[in-house]
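# Commentary on secondary and tertiary structure
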Amino acid sequence: MSSLSAEDQKLVTLARATMARTRAAEGAAVRDLDGRTYAGASVDLPSLTLTALEVCVAMAVSSGAQGLEAAVRLGDDTEPDLRAVRELGGDGVVVHLGDARGQVTGTA
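Analysis parameters
Residues numbered from 1 in each chain as written. Predicted model: local features only at pLDDT ≥ 70, side-chain atom pairs only at ≥ 80, totals over all residues. Heavy atoms only, no water. Helix = DSSP H or I, 4+ residues; strand = E, 2+ residues; numbered from the N terminus. Buried < 20%, exposed > 50% of the residue type's maximum accessible area, 1.4 Å probe, protein only. Contact = heavy atoms within 4.5 Å. Areas by Shrake-Rupley, 256 points an atom, 1.4 Å probe, with all protein chains shown as cover. Lys, Arg positive; Asp, Glu negative; His and termini not counted. Charge placed at Lys NZ, Arg CZ, Asp CG, Glu CD. Salt bridge = Lys/Arg side-chain N within 4 Å of Asp/Glu carboxyl O.

## Brief notes about the overall build of the protein chain
- Each helix and strand counted, the protein chain has 3 helices and 7 strands in total.
- Taken from the N to the C terminus, the helices and strands of the protein chain come in the order α-β-β-β-β-α-β-α-β-β.
- Expressed as lengths along the three principal axes of its C-alpha atoms, the size of the protein chain is roughly 35 × 30 × 25 Å.
- By residue count, 44% of the 108 residues in the protein chain fall in the buried class.
- If you take every contact in the protein chain between residues at least 6 apart in sequence, the share linking residues at least 24 apart comes to 50%.
- Summed over all atoms, the accessible surface of the protein chain reaches about 5800 Å², with 52% contributed by carbon and sulfur.
- In the protein chain, 10 positive and 15 negative side-chain charges are present, and the distance between their average locations comes to 7 Å.

## Quick look at the pattern of salt bridges
- For the structure on display, the rule yields 8 salt bridges.
- Among the salt bridges present, the one from D32 reaches R36, with a minimum N-O distance of 2.7 Å.
- A relative accessible area of 33% means that R36 is categorised as partly exposed.
- The residue D81 makes a salt bridge to R83 at a minimum N-O spacing of 2.6 Å.
- You can call R83 exposed: its relative accessible area is 61%.
- A single network of salt bridges, built from pairs that share partners, joins D8, R31 and E69.

## Quick notes on helix α2 (residues 52–62)
- Residues of α2 that are buried: A52, L53, V55, C56, V57 and A60.
- As for α2, its buried residues are in contact with β1 (27–32), β2 (37–41), β3 (43–45), β4 (48–50), β5 (68–74) and α3 (83–89).
- After α2 finishes, the residue G64 shows a positive phi value of roughly 95°.

Below, the structure is given as structure tokens:
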């Protein structure tokens, strides 16, 4: 998807790098209203399970973010849970979706 803005492409790069570094099946990145970015991978521990998007939203909230501008989620083709993104950013936040190779395939 070549129509991504430079800022959204940065989110794709961050999510892809996080997946590679952690060897996770899912990676994500978000940009808050101040332009700060947060990247994370899914967490699957016996006592804690979070999607990559949930990790990113938690990082943003704990850093004082008041909302989100955009998000990227890369991983398998299962339908991502966007509740945390929508709760912090509202229904208008663009969420780019991509496959496990890091190729953006659509927008939610």
